[in-house]
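# A closer look at the structure
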Amino acid sequence: MRQLIADKATQLLEWLHRIEWVGPLVVRVVFGYFWLETGIAKVHNLDGFTQRFVGWGIPFPAFSAGLSAWTELLGGLLIMLGLFTRLVCIPMLINMAVAVVLVVSANLTGLDDYVEADEIVYSLIFFWLLISGPGKASLDTLVAKALGIRTAAVATSPSRMAIPVIVD
């Protein structure tokens, strides 16, 4: 019975390993679309968005609002495409840091509030994309292949991985 469970678990893990590219693709496309959509809305109502920046006391409100809106629009598009993903996460993280420090933190009183803030969750996703990259199904991967850039170390398949066994 133990061997049957181990064999089935190994098969499942091998299958999941073959489709692991789906996870980053889905997260990237949905998350990127969210930012593309919010960026478009802010660009189309830049005067109203600028007035929000004035109310929050953000310096250079017209410039800052335009920069933030276009960062979201272009950043969302590039994240969806998986193009310059790691690079574009940097200004997106800066955008979130400014939002947390200058806007959101005024309404947060404790650790629970920070952990539950949308901007913190968004920052974590941008951080994950910055560190992990866009995944195999991305324009970044196609560009890297075309340029002969190695993007990851060759991984050993799960079925060949040695699992240490401790015997008493």
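Everything below is about the structure printed above this text.
Let me sum up the structure you'll find in this document. (Residues numbered from 1 in each chain as written. Predicted model: local features only at pLDDT ≥ 70, side-chain atom pairs only at ≥ 80, totals over all residues. Heavy atoms only, no water.)

## Remarks on the environment of Tyr 33
Here Tyr 33 lies in helix H2 (residues 22–44). We classify Tyr 33 as partly exposed; its relative accessible area is 45%. Put simply, Tyr 33 and Gly 76 are 43 residues apart on the chain and 5.9 Å apart in space, counted from C-alpha to C-alpha. (Helix = DSSP H or I, 4+ residues; strand = E, 2+ residues; numbered from the N terminus. Buried < 20%, exposed > 50% of the residue type's maximum accessible area, 1.4 Å probe, protein only.)

## A look at the environment of Leu 93
Along the chain, Leu 93 falls in helix H5 (residues 85–102). Expressed as a C-alpha distance, the spacing of Leu 93 and Tyr 122, which sit 29 residues apart in the sequence, is 8.4 Å. The contacts of Leu 93, once residues within four sequence positions are left out, are Ser 123, Phe 126, Phe 127 and Leu 130. (Contact = heavy atoms within 4.5 Å.)

## Focus: the packing of H2 against helix H7 (residues 118–132)
One way to put it is that H2 packs onto H7 with a least axis distance of 12 Å and a crossing angle of 130°. What the angle tells us is that H2 and H7 run oblique. Crossing of H2 against H7: the hand is left-handed. Of H7, the residues touching H2 (which contributes Pro 24, Val 27, Arg 28, Phe 31, Phe 34 and Trp 35) are Tyr 122, Ile 125, Phe 126, Trp 128 and Leu 129. Considering only residue class, the contact of H2 with H7 consists of 10 nonpolar, no polar and one charged. (Axes fitted to C-alpha atoms, helices over the stretch in contact; angles between N-to-C directions. Parallel < 35°, antiparallel > 145°, perpendicular 65-115°, else oblique. Left-handed = near helix turned anticlockwise from the far one by under 90°. Nonpolar A, V, L, I, M, F, W, Y, C, P; charged D, E, K, R; others polar.)

## Comments concerning the nonpolar core
Of all hydrophobic cores here, the largest spans 10 residues; its members are Phe 31, Trp 35, Ile 79, Val 88, Cys 89, Met 92, Met 96, Tyr 122, Phe 126 and Leu 129. At the level of secondary structure, the elements contributing two or more residues to this core comprise H2, H5 and H7. When residues in this core are grouped by element, the largest group, four residues, is from H5. Setting aside its immediate chain neighbours within four residues, Met 96 contacts Trp 35, Glu 119, Tyr 122, Ser 123 and Phe 126. Counting residues in hydrophobic clusters, the runner-up holds six residues, among them Phe 53, Ile 58, Ala 65 and Val 103. (Core = buried A, V, L, I, M, F, W, Y, C linked by side-chain atoms within 4.5 Å.)

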